[in-house]
Amino acid sequence: MIRCLFLFPLLILSVSAQKASSQTWQTLNGNQPLVIARGGFSGLFPESSSFANQIALSTSLSNVVLFCNLQLTKDSVGICQTDIRLDNSTNVAVVFPKSQKTYTINGENVRGWFALDYTSDQIFNNVTLTQNIYSRPSLFDGTLPLSSVDDAIGVKPPGFWLNVQYDAFYTANKLSVSSYIQKTTRFIGISYISSPEIGFLKKMNGIINKAKTKLIFKFLEADAVEPTTKQTFSSILKDLSSVKSFASGILVPKEYIWPLSKDQYLQTPTSVVADAHKQGLEVYAYGFANDMPGSYNYSYDPTAEYLQFVDNSEFSVDGVLTDFPPTASEAIACLAHNKNAARPSKGKILVISHHGASGVYPGSTDLAYQQSVDDGADIIDCSVQMSKDGVPFCFNSADLLAGSNAMTSFMSRSTMISEIQPTSGIFSFDLTWTEIQTLTPQLNSPLPNSGLARNPANKNKGKFLTLSDFLDFAKAKAVTGILIDIENAAYLASKKGLSITDAVTTALSNATFNKQATQQVLIQSDDTSVLSKFNNIPAYRRVLSLKEIISSVPKQTVEEIKRYADAVNIPRSSVVETNGGFTTAFTNVVDQLHAANISAYVSVLRNEYVSIAFDFFSDPVVELATYIGRIGIDGVVTDYPRTADAYLRSPCSDLNAKVTYSILPAEAGSLLGLAEPEVLPPAEAPAPPLTVADVVDPPLPQVSSPSSSSPNGSTANTGAGPAKAPPGSSGQTNAASMSLSLLGILLISMLSVGF
């Protein structure tokens, strides 16, 4: 069990100095909203553990407040744990299996293991912490002890907040919270004391020094009953003037301020903040966590939720209580008050849509493309498919099941084509364009097992566009450029008598994209023979799409790529290697491509926390900062262009800028480096390097008459052999001086507090 932190032989990496923001806010006092770290960085580490507390301080705003939920032991020692039942966040049930008890708490019988049944020595010497939210890392379970209040204050937080949830319970069991606090505040400072019990706060009014400590009334669920007055919290909310008599602020669930509909969409904000500010009460909101999505309005971007509370035209809360304090810090310090900022032109990173803003609307629809333009995409993309009658149009894949209701109307057309995919599908080239136009778009999640649906209100909105319509749209919107993705060209030519390359060439020529330099034109394919077809048009940049995961690109392979492409689109796992949700290494693929003056794009970035490595803090912005600031990628392909655009418009996207807070890139392997060796996930076999054979494709076949068709209109799986499997890609980068090393942070923290 770890009671202290050991020194590691580390390279200490620089962290930017932080100063208070000079911006004016709509808080009660006009100051920047506070970031309050619930149990430290409890979104990543067990609550209130030494790791959680120290890394919260090192990755958050300089005035971050550490939040401790107070529980008392049998000998009146204060410990920090949210749940009064220790078995929900520790191994106490294993250590003391026969000590389970039942107590009456606020009128309800609660069974479990409670701190007041054990001395502090019993707890600190035997019990260890566990992560009580299963979507979070369990890597540190059983290795970290509980923290006492003294331990938490010992890391020297700029502010310390003590929440007393159960004073009446402890009083009934002959333990005095007020006496404990009175004794504690003689030696250490407590900035805030909160409680949902009015009687306790009134008692504390005569004990604490109000010049040093603020009393905050915590509201629980609206229909819960406050134990002193026996009123519901919703009733008390209507009489905030009475709260002013015993408290200087309120701590409320975030839904008190921005209520949600039953469908999880934002409703009109309440007047809680304005009403409280009129009474001179500060307002703090709680319930923020990156891995507990709120409204669909936020598109799984946690920074968007914070901005809704601190950067709207009507009000700002005075602070947010969060399990992920770095994300709240970046929202407040980097993204707030930044809506109209321009993106820097120097070293411009391309934001490339993935089937439009396909996280918000069904992919490849007019609405998805419009949303991507509104959200700041530089390049909008069209994955070109061919209808049976030769109409090129934009769709997510050749299989119409991927984003439409094709199964309901054209089930009889389902067929298996191994050259395209290993499962049956309903393919675009087996339906006429008139038939395709009858389909209803469907917004599906690419993470079907996550339970994280995408914007249900938009599930079937939009219409599909022909390639010509897409090009007209791009010209009308004056976007920076377009990306035209071409796949299955060999199959279409040999089996369906369709030349997708000719169709694309003609459409681009008709729209005069081949005779202009105002808008970029990127031609992307996983087939080098397709890219060769566009070699004679200088206005076009060719992009090789690598779909398989690789670990490196040898020089000979790079030279071969250079013959066909100006850029390469590579999967995330070919750039950042992961194992069990943790990063393990950065590959050198990007550097190898850059050495040959080949641009590197990474795909596909998504906001859903389940798709983001733990080292990125379940935060899409930290992931962006790592790919852009640490690895030096030239473009990001994303389902959510708005998140990437917001980051790039932020002054914090420039790691050399003099800013009050820095969004530091992650350092691969930093989390695994904190864990005990015996709990590390087993090592995985390395991905292969990219070879010349993986890159070079045979010439495209001549366009021939379609081969004999099966009764359902699809071609039989005969004739030419399967198309070559698409290659993959991956990369390693040079160390960057601004990278975030968690081990380094811990060492800095230890030195600062005298470990």
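See the structure shown above.
Rules behind the numbers
Residues numbered from 1 in each chain as written. Predicted model: local features only at pLDDT ≥ 70, side-chain atom pairs only at ≥ 80, totals over all residues. Heavy atoms only, no water. Helix = DSSP H or I, 4+ residues; strand = E, 2+ residues; numbered from the N terminus. Contact = heavy atoms within 4.5 Å. 1 Å grid on protein atoms, 1.4 Å probe; cavity = no way out; pocket = protein on both sides within 12 Å on 5 of 7 lines; lining within 4 Å. Points joined across faces, edges and corners; volume = space filled by probe spheres on them. Nonpolar A, V, L, I, M, F, W, Y, C, P; charged D, E, K, R; others polar. Disulfide = S-S within 2.5 Å. Buried < 20%, exposed > 50% of the residue type's maximum accessible area, 1.4 Å probe, protein only. Phe/Tyr/Trp six-rings, centres within 6.5 Å; stacked < 30°, edge-to-face > 60°. Axes fitted to C-alpha atoms, helices over the stretch in contact; angles between N-to-C directions. Parallel < 35°, antiparallel > 145°, perpendicular 65-115°, else oblique. Left-handed = near helix turned anticlockwise from the far one by under 90°. Polar contact = N/O pair within 3.5 Å; in protein donor to acceptor, adjacent residues only side chain to side chain. Salt bridge = Lys/Arg side-chain N within 4 Å of Asp/Glu carboxyl O. Core = buried A, V, L, I, M, F, W, Y, C linked by side-chain atoms within 4.5 Å. Pairing = 2+ DSSP bridges.

Draft legend 1. Structural detail: the overall build of the protein chain. The number of helices and strands found in the protein chain is 25 helices and 26 strands. The long-range share in the protein chain, meaning contacts at least 24 apart out of those at least 6 apart in sequence, stands at 74%.

Draft legend 2. Seen up close, empty space enclosed by the protein. Within this structure, the stated rule accounts for six cavities of 30 Å³ or more. Of the voids in this model, the second largest cavity is the one considered here, and its volume is about 60 Å³. If you trace the second largest cavity, you find it lined by Lys254, Glu255, Trp258, Leu260, Leu266, Gly294, Ser295, Tyr298, Glu305 and Phe309. Its residues assigned to classes, the lining of the second largest cavity shows five nonpolar, two polar and three charged.

Draft legend 3. How the structure looks around the state of the cysteines. If you walk through the whole model with that rule in mind, you get three disulfides. Here cysteine 334 connects covalently by a disulfide to cysteine 652, the sulfurs 2.0 Å from one another. Given an S-S torsion of about -85°, the disulfide between cysteine 334 and cysteine 652 has left-handed geometry. Here cysteine 652 lies in the loop between helix 23 (641-649) and helix 24 (692-695) and cysteine 334 lies in helix 12 (residues 325-335), a separation of 318 residues in the sequence. Comparing cysteine 334 with cysteine 652, the two get one shared label, buried. In this model cysteine 382 forms its disulfide with cysteine 394; the gap between the sulfur atoms is 2.0 Å. Residues cysteine 382 and cysteine 394 share a disulfide whose torsion about the S-S bond is about -105°; that sign makes it left-handed. Of this pair, cysteine 382 sits in strand 13 (residues 379-386) while cysteine 394 sits in strand 14 (residues 392-394); the two residues are 12 residues apart in sequence, bridging distant segments of the chain. Classification of cysteine 382 as buried rests on a relative accessible area of 0%. Taking the relative accessible area as the measure of exposure, cysteine 394 reaches 0% and is therefore buried.

Draft legend 4. Quick look at the packing of aromatic side chains. Under the defined criterion, the tally for this structure stands at 33 aromatic pairs. For the pair tryptophan 258 and phenylalanine 315, a centre-to-centre distance of 6.2 Å together with 35° between the ring planes defines the contact as tilted. Of the two residues, tryptophan 258 is situated in the loop between strand 9 (249-253) and helix 10 (272-278) and phenylalanine 315 in the loop between helix 11 (302-310) and strand 11 (319-322); the sequence distance between them amounts to 57 residues. An identical accessibility class is assigned to tryptophan 258 and phenylalanine 315; each is buried.

Draft legend 5. Here's a closer look at unusual backbone geometry. Omega for the peptide link from serine 603 to valine 604 comes to -5°, which places this bond in the cis form. Inspection of the secondary structure puts valine 604 in strand 24 (residues 599-605). A positive phi angle is found at serine 299, which is not glycine, with a value near 50°. Looking at where serine 299 falls in the secondary structure, it is placed in the loop between strand 10 (282-288) and helix 11.

Draft legend 6. A look at the environment of glutamate 197. Of note, glutamate 197 is situated in the loop between strand 7 (192-195) and helix 7 (198-205). Residues glutamate 197 and glutamate 226 lie 29 residues apart in sequence; the distance between their C-alpha atoms is 6.3 Å. If we ignore the near neighbours within four places in the chain, the residues touching glutamate 197 are Gln165, Tyr166, Asp167, Ala168, Phe217, Glu226, Pro227 and Thr228.

Draft legend 7. Spatial organisation of the layout of surface pockets. Space inside the second largest pocket adds up to approximately 970 Å³. Lining the second largest pocket are 35 residues, with Thr82, Gln165, Tyr166, Lys218 and Glu221 positioned closest to its centre. The element contributing the most residues to the lining of the second largest pocket is strand 10, with three residues. Taken together, the residues of the lining of the second largest pocket break down into 18 nonpolar, eight polar and nine charged.

Draft legend 8. Summary view of the packing of helix 13 (residues 366-374) against helix 16 (residues 467-477). Where helix 13 meets helix 16, the closest approach of the two axes is 12 Å, and the angle between their N-to-C directions is 25°. Overall, the two elements helix 13 and helix 16 adopt an arrangement that is roughly parallel. In the packing of helix 13 onto helix 16, the handedness of the crossing is right-handed. Of the residues in helix 16, those touching helix 13 at Tyr369, Gln370 and Val373 are Phe470, Phe473 and Lys477. Residues belonging to the contact of helix 13 with helix 16 are distributed by class as follows: four nonpolar, one polar and one charged.

Draft legend 9. Representation of helix 22 (residues 620-630) in the model. For helix 22, a buried count of 10 out of 11 residues is recorded, marking the element as mostly surrounded by other parts of the structure. Capping the start of helix 22, aspartate 619 holds a side-chain oxygen 2.8 Å from the backbone nitrogen of valine 621, two or three residues further along. Glycine 632 occupies a position one or two residues after helix 22 and carries a positive phi of about 80°.

Draft legend 10. Seen up close, the pattern of salt bridges. All chains considered together, the criterion is met by 23 salt bridges. Aspartate 291 is paired through a salt bridge with arginine 136; the nearest N and O atoms lie 2.7 Å apart. Taken together, the residues span a long stretch of sequence, with aspartate 291 in the loop between strand 10 and helix 11 and arginine 136 in the loop between helix 3 (120-126) and helix 4 (149-154) at a distance of 155 residues. For the pair aspartate 291 and arginine 136, one class covers both residues: buried. Here arginine 413 makes a salt bridge to glutamate 435, at a shortest N to O gap of 2.8 Å. Of this pair, arginine 413 sits in the loop between helix 14 (406-410) and strand 15 (415-416) while glutamate 435 sits in helix 15 (residues 433-436), placing them 22 residues apart in sequence.

Draft legend 11. Summary view of the nonpolar core. Core analysis: the largest hydrophobic core is formed by 202 residues, its most contacted members being Ile482 and Ile484. Phe393, Phe395, Leu400 and Phe410 belong to the second-largest nonpolar core, a separate cluster that totals 11 residues.

Draft legend 12. Spatial organisation of the pairing of strand 17 (residues 481-486). Here strand 17 lies mainly inside the structure; six of its six residues are buried. Here strand 17 shows two buried faces, one formed by Gly481, Leu483 and Asp485 and the other by Ile482, Ile484 and Ile486. Bridge analysis of strand 13 against strand 17 gives six bridges, and the strand direction is parallel. Paired with isoleucine 379 across the bridge in strand 17 is glycine 481. Where strand 17 lies against strand 18 (residues 520-525), six bridges are found, and the strand directions are parallel. Within the sheet, the bridge partner assigned to glycine 481 lies in strand 18 and is glutamine 520.

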